[in-house]
Structures are given as C-alpha cells and as structure tokens.
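Spelled out, the chains give:
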Protein chains: 2
Amino acid sequence: MSKATIKQVAAEAEVSTATVSRVLNDSGYVSAEVKERVFGAIAKLNYQPSAIARSLKQDKTFMIGVIVPDISNPYFMGISRGIEDVVGPEGFQLMFCSSDEAPEKEARLLQLLHEKRVDAIVLATSGGNVANINSLRDNGQRMVLIDRRLEEEAGTNETGLPALDLVAEDNVQSAYELTKALLDDGHVRIGAVNGPTRVSTGRERLEGVLRAMKERGVEDRLLLYSGDFSAEGGIRAVRQFLNEEEKPTAIVSLNNQMSLGVLLELVGSGLRIPGDMAVASFGEVEAGRLLKEPGLYYVDQDPYEMGLQAGDLLLRLIRGENEAHSPSSKIFHHEVKRIHS
Amino acid sequence: MSKATIKQVAAEAEVSTATVSRVLNDSGYVSAEVKERVFGAIAKLNYQPSAIARSLKQDKTFMIGVIVPDISNPYFMGISRGIEDVVGPEGFQLMFCSSDEAPEKEARLLQLLHEKRVDAIVLATSGGNVANINSLRDNGQRMVLIDRRLEEEAGTNETGLPALDLVAEDNVQSAYELTKALLDDGHVRIGAVNGPTRVSTGRERLEGVLRAMKERGVEDRLLLYSGDFSAEGGIRAVRQFLNEEEKPTAIVSLNNQMSLGVLLELVGSGLRIPGDMAVASFGEVEAGRLLKEPGLYYVDQDPYEMGLQAGDLLLRLIRGENEAHSPSSKIFHHEVKRIHS
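Residues numbered from 1 in each chain as written. Chains lettered and ligands numbered in written order. Predicted model: local features only at pLDDT ≥ 70, side-chain atom pairs only at ≥ 80, totals over all residues. Heavy atoms only, no water.

1. A short note on the interface of chain B and chain A
It is common to give the size of an interface as the accessible area lost on bringing the parts into contact.
Phase 1: Between chain B and chain A, the residue contacts involve 51 residues of the former and 51 residues of the latter.
Phase 2: Summed over both sides, the interface between chain B and chain A buries roughly 4700 Å², with carbon and sulfur atoms accounting for 59% of that surface.
Phase 3: Of the charged contacts, one joins Lys105(A) and Glu84(B) as a salt bridge, the two residues approaching to 2.4 Å between their closest N and O atoms.
Phase 4: At the junction of chain B and chain A, the tally comes to 9 residue pairs in polar contact (both at pLDDT 80 or more).
Phase 5: Mapped onto the side of chain B that touches chain A, the elements with two or more residues apiece are α3 (32-45), α4 (51-58), α5 (74-87), β2 (93-98), α6 (103-115), α7 (130-138) and α11 (256-268) of chain B.
Phase 6: Here the side of chain B that touches chain A takes 9 residues from α6(B), the largest share from any one element.
Phase 7: Of the residues that constitute the side of chain B that touches chain A, the class distribution is 25 nonpolar, 12 polar and 14 charged. (Contact = heavy atoms within 4.5 Å. Buried area = accessible area lost by both parts, 1.4 Å probe. Salt bridge = Lys/Arg side-chain N within 4 Å of Asp/Glu carboxyl O. Polar contact = N/O pair within 3.5 Å; in protein donor to acceptor, adjacent residues only side chain to side chain. Helix = DSSP H or I, 4+ residues; strand = E, 2+ residues; numbered from the N terminus. Nonpolar A, V, L, I, M, F, W, Y, C, P; charged D, E, K, R; others polar.)

Now the structure itself:
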C-alpha cells in the first residue's frame, strides 16, 4: 500500500484539501459531520499526516495523560468523564494510566507521559513524588492535580501559592460531618476504615473523623483500620472490627471502594445495616440502594462536576491563559446525605 | 536546570552507566530494586534519554494502547489487570482509552495510537471499523482483539483464518444456559435486555437467548429491550417491562452493567428478587450479594484469566514469535451459577 496523500484524503472525504488541513490543524470552523468524514478517510487510507512534524509545528500533541491510583474506581471515572466532556470537543484525547497507589509506578508513568510530550498531565497522586512533579513542572510540563494535594509545601512557587492547579474536596469538613451523623445517632464506639495517610485524602479524612470524636470527648473509643482505598481493605476492616472484644456499633468508611467491601462483608456475616451496624461512607456506593433497610449515610460526591472544572483549568493552561494568574484551587464541599427507602 | 547526563543518573542511582543503559534498553538482567533506583534517579534529574532515538533504535515504544468501550466497566478492568500482570514485568505500560461504544471515536483512537507507534493495540471493538482495523493491520500494527469479534469476515487472512488474535467468550452457549435456567424454573414470559447487535457480544448473546426460547417453543413470549451495555439501559428496560400488559416474571440481562441497572430499578420499584421477578445476568454483579434474598443467576465470567491469555498473546506478537503461526482464538466457556445465601 503506497503512502496516501492529502489529496487522496480530500477526495475520499469529498472535501477540499484546505478543509482536511483545517481539521488536522484544528484551526477554523469545521462541522462535526465533516470532521467525522475527514477522520474516516484518514483512517481508511491510513494517511500519516506526519504526526511528529505536525505536533512540533503546533507544539501540541492533542493528548492529555490522566494518572489515577485506581482506574476501576467509579469516582475517578466520573471525574474523567467530566474532563473529557470539556476537552474532547476541543480535539484532545484522554489516555488513562493506573498507578495502583504505587509511588514508583506513578514516577515511571509521569516520566513516560512527559517523554511522549502530552499537552498536559492530570494527576491524582499516590504520594511520594513531590520532587519528580516539581521537576517536571520546572521543565514546562503542564499539570493539574485532582482529588489529592501534594504532601509537601515544596509544591509552592515563589509567591508562596500552590504551584499547580488543584480540584479537590473539603475532606476534613465532610468527614467531620459524616462522623457527627453517627455520633448524633448515639454511636460512640465507632470503627473508622481509613486510606493510606501518605495521600492527602487519607490524612484529611482521618483528621475530620478525629475532630468529631474529640469534640464529643470520645476519641478513645475510636477503632482504626488502615485500608488501602480498595474493597478488599473494607472487607478486612470489618473482619477485624468484628473480632474486637468490644465491637463497634457503627463504621465510618473513608472512600467508596472500601465502603463496598464493608457492606459486602457485613451482609455476608448476616448483619443488618443499620440495625446491627450503622454505616457511613465517604462517597456514594450505588449498590447501597440494594440494602434491605434504608439508612446508609454518605458524602454526596460530585465527581462529574469536579471533572468539568478540571477540564476548564486544563484548557486555560494549554492555551496559556493562565500565565498571569496564580494557580487556582477549586475545593468542593459535598454534603452528607442518607439513603431513604 | 541544565540537561542531566547518563553519568549523573548513574551517580544518583549509585550504579554504573552500563547498568543505567541496560535498564533503558531493557537488556540483560537488572534486579527490580536497582531498576527502581535508576528510574527514581531518571525522574528526579528529569533525564531525557532521547526517547525518540531510543524507540527508533529498538523499534519499541514500550507502550500498549488499550481501547475499550466502557472504561468504568469492572469486566474490562479485570481483563486489563490480567494483561498488565503479564506485560508489566516485561517493561510495557498500558494506556487506556474509552470509545464509549462510538465507532467514530474508536476510529480516531486507533489512528492516534498507531501514530504514537504503540507496540500493540488491544481492542474491544464498538463495531463499524473493520476496514480501518484491516488497514492498520496491513500497515504492520500489532493488534489483539478482546471480548468482541470483528463483525465481518473481511477480518480474515489469505488462509481464511481470522487475521487477528482473539480472546473472547462462548457467548451463545452461556446465554443459552442462562436463559435455560429461568425456563427450568417455570418462567416463559421473559424480558431480555440486550446490548447493541452491532457488536458480536450483543449478537451472540441474543442468539443464545433465542435458541433456548425456541427449543421450548416459547419464543413468541419473549420481550426484548435493546440496551446499550450501560446501567441506564437496564433501568429503562425494567421500566418498559413493568409497563407491559402482560409483565414478564423473569429478566435475562446480557451484560453486568445493564444488570446493575436492572437490580437497582427493581429494588427501587419495591419488587423482591427473585420472589416478584427472577433475574439472570450475563456476568456477575458484585452488588447482587447485597440483595435481601439469594437466587440471582449469573454467568461466572473470569476476565482476569482472559487478560492473562491476552497478555501472553501480546508478548508473543511483539517478540515476533507468532509469525509462523496462525492467529489464535481463545474462547472461554463460563458457567452459569446462582447466588446462595
């Protein structure tokens, strides 16, 4: 098969070569329908518009790399959907990588995406990479942090402000309110399932739980299990709690995946929720609606909306509209709700 | 920050430059611990080992692109985990893209990954791209199909065998057995929630349902809803079935995401499962274990094992070990099981 030319692509798509060029360079208005035809012709003829030359000329690769700790967590996929709905119409494609909560894997992925000259990296950090992240930033790599802050204030620029855009949640306050809901129902012996304190969501949510317990003067009644933000962690936490001499009467689980594990293990042990064990979850678990009885407390996260905000920040960053501004921190406050029958 | 040299990387990692080179070229034995140190040093110093030169020399980019129709479906993430556990130790990184069941988006992603010269593409096709796929294959792009066959026999080579490796399920047989389980329990008025027949899993699973219904001579009692493999599709199907004059007494739902929607909507409507409505699901829904009563039928898929097989095929393909062989089709048969209390 000989190399296809731009003329052949234009003929195949039944448009002018100028239109093909506009589509390739993302310049000027081209209708979605014509774009589809041009991309179809490019794919059919396997036209190679010299991707590297094009990206050098434009200094754009139209790829955005997204590194998340757990690609199977619906929360991160909700954020990604929001990002894609903003940047997709502008011609950017998202590529997802999973760091599996492993700082070393995250380091390799950051390096790989930077080498591939992605236009921006969206990062929910697994921790341990402040130096790497600052070094990439100093080398001009555009980055937006989602869900998790950098763990050290090294992540500040000369003005003292955070050097990277951030879209995250008010974790301390929501975890405080979540725990308070259980305390207000009369529970004091509470088991908390926490994520790794290496990452900000783990640290901040635990801080919120402790604040509520201390306010009531019952912090010595708290049982703590260090999970890893996975369903398996929630399962193991329940097993440990049920082996305690003085079992808890309520469990606060500090992310959605661990909460699914908590629910599965409690139901599997024949316990009623909340009759035998009250449960409060940081993040909604869709499956919670299948429980026999209503009453599950949850922080009503809105990852899609967070993704839309992150998408806006990305576009501003890539267009250079942000240069004169300080990096922004968008912190969402999500309320505690309860599943009713 | 001036450019780091390989010597500086070696000094930082406390190894020889030869070791750094071995790690970069993935040649010769280097312990995992030393590799970690070298990658850490590379990241810290932001060393740019001339990624492009390196990949040209090796004709490898160490990237494998994975295109799936729904990145939030745990089934596809299970397959991906299996693939990663095989190819990761060999130095390959997976990059995930979601086609959202949209053939045009899939066409763009195929082209993008090919331009980025990924070492291989793993594809669960959304359909409509046989010509594009054959064209990429003819241009030397390595590809492995997962879960879904190409819809046309155009995907064959000169020997008449399928031209691409495939790891999939015996959809007809499992859907047949799933429907038969409901028929054996005395149900004849059955609502089937199907995926798009544009893709092989949609076509084949429907075929299995029809075969079981015909065998009993009750195919005229079948209610059919065309879903889109999403939870929302399952919700809409239940609403339609419950509006029928003669409502079904059982529902067979032909993928896990639609089944979650079916369960949520039935429980939300106050119906008991299986007391008021029996449910059979192609694929396990973890949340099904939270139901009040046991009795949910499901096809016990093993996506992780399928991923391990796909990973093996990928490595053989990348190493060129497959050239003398015909492409292989690994078809898994997954049994029907029932959730017991």
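2. What to know about the nonpolar core
Grouped burial of nonpolar side chains is what soluble globular proteins tend to show.
Phase 1: Core analysis: the largest hydrophobic core is formed by 92 residues, its most contacted members being Val252(A) and Val252(B).
Phase 2: In this structure, Val252(A) is in contact with Leu178(A), Thr179(A), Leu182(A), Ile190(A), Gly191(A), Ala192(A), Val193(A), Val209(A) and Ala280(A), ignoring residues within four places of it in sequence.
Phase 3: With 58 residues, the next largest nonpolar core counts Met77(A), Val87(A), Leu314(B) and Leu317(B) among its residues. (Core = buried A, V, L, I, M, F, W, Y, C linked by side-chain atoms within 4.5 Å. Buried < 20%, exposed > 50% of the residue type's maximum accessible area, 1.4 Å probe, protein only.)

3. Section: the sheet that holds strand β8 (residues 250-253) of chain B
All names here are of chain B.
Phase 1: Pairing in this open sheet of 6 strands is mixed, and the strands run β7-β6-β8-β9-β10-β12 from one edge to the other. Each of the sheet's edge strands pairs with one partner strand only, and the pair in question is β7 (223-226) and β12 (336-338). The sheet shows a mean angle of 20° between the axes of neighbouring strands, direction not considered.
Phase 2: Taken together, the 4 bridges between strand β6 (residues 190-194) and β7 define a ladder with parallel strand orientation. Within β7, the position partnered with glycine 191 by the bridge is leucine 223.
Phase 3: Of the strands in this sheet, β6, β8, β9 (278-281), β10 (297-299) and β12 touch helix α8 (residues 171-184), which is tilted by about 170° from β10. (Pairing = 2+ DSSP bridges. Axes fitted to C-alpha atoms, helices over the stretch in contact; angles between N-to-C directions.)

4. Concerning the relation of the copies chain B and chain A
Phase 1: Superposition of chain B onto chain A requires a rotation of 180° combined with a translation of 0.0 Å along the rotation axis, giving an RMSD of 0.0 Å. The two molecules are tied by a two-fold rotation axis, judged by turn and shift.
Phase 2: A shared interface surface links the copies, since 100% of the contact residues of chain B are contact residues in chain A too. (Least-squares fit on C-alpha atoms with pLDDT ≥ 70 in both.)

5. Observations concerning empty space enclosed by the protein
All names here are of chain A.
Phase 1: Per the stated rule, a full pass over the model turns up 4 cavities of 30 Å³ or more.
Phase 2: Approximately 120 Å³ is the volume attributed to the second largest cavity.
Phase 3: Lining the second largest cavity we find 14 residues, and of these Asn73, Tyr75, Phe76, Arg205 and Asn255 sit closest to its centre.
Phase 4: Elements with a contribution of two residues or more to the lining of the second largest cavity: α5 (74-87) and α9 (200-215).
Phase 5: Per-class residue counts for the lining of the second largest cavity are 4 nonpolar, 5 polar and 5 charged. (1 Å grid on protein atoms, 1.4 Å probe; cavity = no way out; pocket = protein on both sides within 12 Å on 5 of 7 lines; lining within 4 Å. Points joined across faces, edges and corners; volume = space filled by probe spheres on them.)

6. Some details on the packing of α5(B) against helix α12 (residues 303-318) of chain B
Residues and elements named next belong to chain B.
Phase 1: The N-to-C vectors of α5 and α12 enclose an angle of 45°; their axes lie 7 Å apart at closest approach. Taken together, the axes of α5 and α12 are oblique relative to one another. The two elements α5 and α12 meet at a crossing, and its hand is right-handed. Of α12, the residues touching α5 (which contributes Tyr75, Gly78, Ile79, Arg81, Gly82, Ile83, Asp85, Val86 and Val87) are Pro303, Tyr304, Met306, Gly307, Leu308, Ala310, Gly311, Asp312, Leu314 and Leu315.
Phase 2: Tallied by class, the residues present in the contact of α5 with α12 amount to 12 nonpolar, 4 polar and 3 charged. (Parallel < 35°, antiparallel > 145°, perpendicular 65-115°, else oblique. Left-handed = near helix turned anticlockwise from the far one by under 90°.)

7. Some thoughts on the pattern of salt bridges
Phase 1: For the coordinates displayed, the defined rule picks out 52 salt bridges over all chains.
Phase 2: As a salt-bridge pair, Glu204(B) and Arg149(B) come within 3.0 Å of each other at their nearest N and O atoms. Within this pair, whereas Glu204(B) is found in helix α9 (residues 200-215), its partner Arg149(B) is found in the loop between β4 (143-146) and β5 (165-169), the two being separated by 55 residues in sequence.
Phase 3: Residue Arg149(B) is classed as partly exposed on the basis of its relative accessible area, which comes to 34%.
Phase 4: Where Glu246(B) meets Arg221(B), a salt bridge forms, and the shortest distance between an N and an O atom there is 2.5 Å. Here the residue Glu246(B) occupies a position in the loop between α10 (231-242) and β8, and Arg221(B) occupies one in the loop between α9 and β7, the gap between them amounting to 25 residues.
Phase 5: Taking the relative accessible area as the measure of exposure, Arg221(B) reaches 26% and is therefore partly exposed.
Phase 6: Beyond isolated ion pairs, a larger network of salt bridges with shared partners links Arg81(A), Glu84(A), Asp100(B) and Lys105(B).

8. Let's talk about the environment of Leu178(A)
Residues and elements named next belong to chain A.
Phase 1: Mapped onto the elements of the fold, leucine 178 is located in helix α8 (residues 171-184).
Phase 2: The buried category is assigned to leucine 178, whose relative accessible area is 0%.
Phase 3: Separated by 77 residues in sequence, leucine 178 and asparagine 255 have C-alpha atoms that sit 12 Å apart.

9. A few points about the pairing of β9(B)
All names here are of chain B.
Phase 1: Of the two faces of β9, the one carrying Ala278 and Ala280 and the one carrying Val279 and Ser281 are both buried.
Phase 2: For β8 and β9, the ladder comprises 4 bridges, and the chain directions are parallel. If you follow serine 253 over to β9, its bridge partner there is serine 281.
Phase 3: Chirality of the crossover, the property in question, places the unit of β8, α11 and β9 among those that are right-handed.
Phase 4: When β9 meets β10, the two strands line up parallel, connected through 2 bridges. Among the inter-strand pairings, alanine 280 is bridged to a residue of β10, identified as tyrosine 297. (Right-handed = clockwise from strand over helix to strand, strands pointing away.)

10. Comments concerning the confidence of the model for chain A
Phase 1: Of all residues in chain A, 90% attain a pLDDT of 70 or more, and the chain-wide mean is 88.
Phase 2: Throughout residues 52-57 of chain A the model reports pLDDT below 50, and contacts reaching past four residues in sequence, or to other chains, amount to 9 contacts. (pLDDT = per-residue confidence, 0-100.)

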